[in-house]
2 protein chains.
Amino acid sequence: MKPVEAVFDAAGASVPRVMQRVERRMAEVSVDHGAALARHAGETIAAGGKRLRPLLVCLAAGVPSPESDTLVHSAVAVELVHGATLVHDDVLDASLLRRGRPTVVASSGRRMATATGDLLFSRAFAELSLTRSLSAVCALSRASSELALGELMQRSDAWSGDVTVGRYLERCRLKTAVLFRAACELGAIEGEGPMDTLGTFGEQIGLAFQLLDDVLDVSGPPERTGKPQGADLLDGTITLPLIEARARDRELAALEVRDLRTATDARAVCERIAATGALETARARALQMVAGAKSILPALPDRQRAALDLVADGVVERYS
Amino acid sequence: MKPVEAVFDAAGASVPRVMQRVERRMAEVSVDHGAALARHAGETIAAGGKRLRPLLVCLAAGVPSPESDTLVHSAVAVELVHGATLVHDDVLDASLLRRGRPTVVASSGRRMATATGDLLFSRAFAELSLTRSLSAVCALSRASSELALGELMQRSDAWSGDVTVGRYLERCRLKTAVLFRAACELGAIEGEGPMDTLGTFGEQIGLAFQLLDDVLDVSGPPERTGKPQGADLLDGTITLPLIEARARDRELAALEVRDLRTATDARAVCERIAATGALETARARALQMVAGAKSILPALPDRQRAALDLVADGVVERYS
């Protein structure tokens, strides 16, 4: 995404101040269990990331008061759920690095990492209940359930030869977009904005975010995306570029993804997918979703509108 | 525990009717994601178990109305969190059977099982938010965080030669007793009873439950406990019987648990622990906790009191 500073500039002085409070609260949460026990959860939280979801909470809330505790709790809760899913994903993928640091599973093993993810999930709801908003708890628990369903769907569709575009999009919605939706819904609750419309905005840019992720997996380059090209293929995850390319290239249509063994195999298939023009199609679809998301935004103060537009554009103009 | 029918008799007609509703709701939750996707979560829920925690919710609530939806939601939420921890435990222990059925990890692999556990966690909070009680959400999210901390503590203490009784009891509190506490607290919220006292009652019988579990791991017999004797030892989990026995038997004090390799090794250590009288000490401690728990119960209607007493006695008079 575009430098976060540009979003902060557009959003005005109060948003960076709230985001600093979010960061401080994340640090507090990571140490508030005292002992070395929560070291792993602490490391995960501290490792940072784009903080895109907390930013969405703040921007959807409108012009937030830096003094709003409930806004900070909501933003932190969404990021904790996100962190929980990353830790569990790393367990399942046996990933060694995330954001340039050793993953919890790499440094402490599967048991610690699974428990750390569970802790982050639970802490998210403890944090959110500090807002005293039942609507917020409902929104986040629904999103969390759907994230898990998305992961189940991804596994049951792994290696499959007949994933349709519709099914792919539903999976993207479940595994990614619902948390973007929840972030915007939590912001709407805080700012008393329209929950449905802001939620749909979030969902659409979440979908675009996932589509672009899937394009970058095929297009690389690894030195910019930070992950090996074709990792999804080796993992059996069937994404839009492959689905589109299969409709255009008979040899790809006949390909058994399960037979791919090496990074070299995967790179060769990526190049073949790219040659069909499927990446442009997928990218165009992501851009269309972003345009759609921006178009449905209700009348909003100029600064809020500009900041949300920047974030929406940012999800399809990024490399990692 | 004693036959649940005895508890139902003591508790009166309304409790079995509410528990039937809990069972029906568990079945509904397990299918309400429609697709085969949620099959694994459904199987886990349907596989049943003692339903001890939902029963505590109902009994702590007092004389519940079978028509109380919020009571059913609370009871189901607690059992879903319990189910989530079981599914994740099975992933970590690579267990093949639970309650006589294949575990999720055995039938569907680690990915599916991790996601299934996450789904059950999230669904628990979605279910609980239907009660519209923020106090309930706070109580359960605190308990869930502590359960995860308990698992982290168990792993960081694994194989350790210097786990104190105090540290062992704190681990039991975190990994087991907090959910018994939450069950009673949720019941107290529903029945407008004293949350602190009922919560402490729950915590004490939860501790006793875990102590007896740890005694049964050493004493067997496997055909009654349903698990191999000394499984904790092979897993590196240091429990009260070993801690007590080490203080009485020099050879046990010098034992490196990490060196135990086979079921035969573990059985031999179990017999040596039993010979020190440590099992009786641990069992006495569990009985003392149960007596303490019963003694702090406030003035309650006779039926409710009798039913809670029966459950409290039941946790230390069981084999599985």
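Check the entry above for the structure.
Residues numbered from 1 in each chain as written. Chains lettered and ligands numbered in written order. Predicted model: local features only at pLDDT ≥ 70, side-chain atom pairs only at ≥ 80, totals over all residues. Heavy atoms only, no water.

Caption draft 1: Structural context of the relation of the copies chain A and chain B. Superposition record for chain A on chain B: RMSD 0.0 Å, screw rotation 180°, translation along axis 0.0 Å. Taken together, the rotation and translation relating the two chain copies correspond to the operation of a two-fold axis. Looking at the rotation axis and the C-alpha trace of chain A, the residue lying nearest is leucine 134 of chain A, at 3.4 Å. Of the residues that chain A buries at the interface, 100% are likewise interface residues in chain B, meaning the two copies contact each other through the same surface. (Least-squares fit on C-alpha atoms with pLDDT ≥ 70 in both. Contact = heavy atoms within 4.5 Å.)

Caption draft 2: Main features of the interface of chain A and chain B. Listed per partner, the contact involves 37 residues of chain A and 37 residues of chain B. At the junction of chain A and chain B, the tally comes to four salt bridges. In this structure, the connection of chain A to chain B is made through seven residue pairs in polar contact (both at pLDDT 80 or more). The set of elements that each furnish at least two residues to the side of chain A that touches chain B consists of helix H5 (69-93), helix H6 (104-129) and helix H7 (134-156) of chain A. Among the elements that take part in the side of chain A that touches chain B, H6 of chain A stands out by supplying 14 residues, more than any other. Each residue belonging to the side of chain A that touches chain B can be placed in one class, and the counts come to 16 nonpolar, 12 polar and nine charged. (Salt bridge = Lys/Arg side-chain N within 4 Å of Asp/Glu carboxyl O. Polar contact = N/O pair within 3.5 Å; in protein donor to acceptor, adjacent residues only side chain to side chain. Helix = DSSP H or I, 4+ residues; strand = E, 2+ residues; numbered from the N terminus. Nonpolar A, V, L, I, M, F, W, Y, C, P; charged D, E, K, R; others polar.)

Caption draft 3: View of the pattern of salt bridges. Residues and elements named next belong to chain B. This model, assessed by the stated rule, comprises 40 salt bridges over all chains. Put simply, glutamate 203 and arginine 181 hold a salt bridge, and the shortest N to O gap is 2.6 Å. Of this pair, glutamate 203 sits in helix H9 (residues 195-219) while arginine 181 sits in helix H8 (residues 165-191); the two residues are 22 residues apart in sequence, bridging distant segments of the chain. The class of glutamate 203 is buried, set by a relative accessible area of 12%. One salt bridge in this structure joins aspartate 249 and arginine 272, with 2.8 Å as the shortest N-O distance. Residue aspartate 249 is found in the loop between helix H12 (240-246) and helix H13 (250-254), and its partner arginine 272 is found in helix H14 (residues 263-275); the two are separated by 23 residues along the sequence. Residue aspartate 249 is classed as buried on the basis of its relative accessible area of 11%. Judged by its relative accessible area of 35%, arginine 272 is partly exposed. (Buried < 20%, exposed > 50% of the residue type's maximum accessible area, 1.4 Å probe, protein only.)

Caption draft 4: Local environment of the environment of leucine 174 of chain B. Residue and element names in this part refer to chain B. If you trace the backbone, leucine 174 turns up in helix H8. Separated by 20 residues in sequence, leucine 174 and glutamine 154 have C-alpha atoms that sit 9.6 Å apart. For leucine 174, the residues in contact, after removing those within four places along its chain, are Glu146, Leu147, Leu149, Gly150 and Met153.

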